[in-house]
Amino acid sequence: MKTLTLPTEALMKPSYPITLPALLVPASTELDTPLRLNKYPVRLGRSDSADIRLDDRWLSRQHCEIDLTDGELIIRDLGSKHGTYVNESQIEESTIESGDELRIGITRFVVEIPKE
């Protein structure tokens, strides 16, 4: 049997940090505990198969995804019925930074990214 050896960088996204810790701090009364993001991509929705399950009837089962691309956090709507909003603008895909407000369904968060 022939063994194929791949360089380590081929096994992960090239030049991307493995983690960029971020917090989604609740900006509405639906949640009271910040959500810690330290693994990407992460899917938010109301399905049991979502990485972060939120009990919000206005969310789609797989509502949106947050990923790390070239050292930046990206949020992507996954075809949700009620949309994904960054700073009150509906988006299909957008970068997000510390201080940005996310709204999915009736749940709102403020993004916090610790400075390195």
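Everything that follows concerns the structure shown earlier in this document.
Residues numbered from 1 in each chain as written. Predicted model: local features only at pLDDT ≥ 70, side-chain atom pairs only at ≥ 80, totals over all residues. Heavy atoms only, no water.

Engineer: Just to check I follow, could you spell out the environment of Leu-35 for this structure?
Structural biologist: As for its placement among the helices and strands, Leu-35 is situated in strand E2 (residues 35-37). Classification of Leu-35 as buried rests on a relative accessible area of 16%. On a C-alpha basis, the gap between Leu-35 and Phe-109 in space is 9.2 Å, while along the polypeptide they are 74 residues apart. Residues contacting Leu-35, with those up to four places away along its chain left out, are Ala-22, Leu-23, Leu-24, Ile-52, Leu-54 and Phe-109. (Helix = DSSP H or I, 4+ residues; strand = E, 2+ residues; numbered from the N terminus. Buried < 20%, exposed > 50% of the residue type's maximum accessible area, 1.4 Å probe, protein only. Contact = heavy atoms within 4.5 Å.)

Engineer: Teacher, can you tell me more about the pairing of strand E11 (residues 107-112) here?
Structural biologist: It is a general feature of regular strands that their side chains alternate between the two faces of the sheet. Alternating residues of E11 divide into Thr-107, Phe-109 and Val-111, all buried, and Arg-108, Val-110 and Glu-112, none buried. With four bridges connecting them, strand E1 (residues 22-26) and E11 associate as antiparallel partners. Pairing of Val-25 across the sheet is with Val-110, part of E11. Bridge count between strand E10 (residues 101-104) and E11: four bridges; the pairing is antiparallel. Within the sheet, the bridge partner assigned to Leu-102 lies in E11 and is Phe-109. Hairpin geometry of E10 and E11 is characterised by an intervening segment of two residues between the two adjacent antiparallel strands and by a positive phi of about 60 degrees at Gly-105. (Pairing = 2+ DSSP bridges.)

Engineer: Help me out: how do you make sense of the sheet that holds strand E7 (residues 84-86) in this one?
Structural biologist: Either a parallel or an antiparallel arrangement is found when strands of a sheet pair, and the pairing is made through backbone hydrogen bonds. Read from one edge to the other, the open sheet built from six strands follows the order E2-E1-E11-E10-E7-E8, with strand pairing classed as antiparallel. Each edge of the open sheet carries a strand with a single partner, namely E2 and strand E8 (89-91). When the angles between neighbouring strand axes are averaged without regard to direction, this sheet yields 30 degrees. In this sheet, E10 lies alongside E7 in antiparallel orientation, the contact comprising three bridges. Each residue of the ladder has a partner; that of Tyr-85, found in E10, is Arg-103. (Axes fitted to C-alpha atoms, helices over the stretch in contact; angles between N-to-C directions.)

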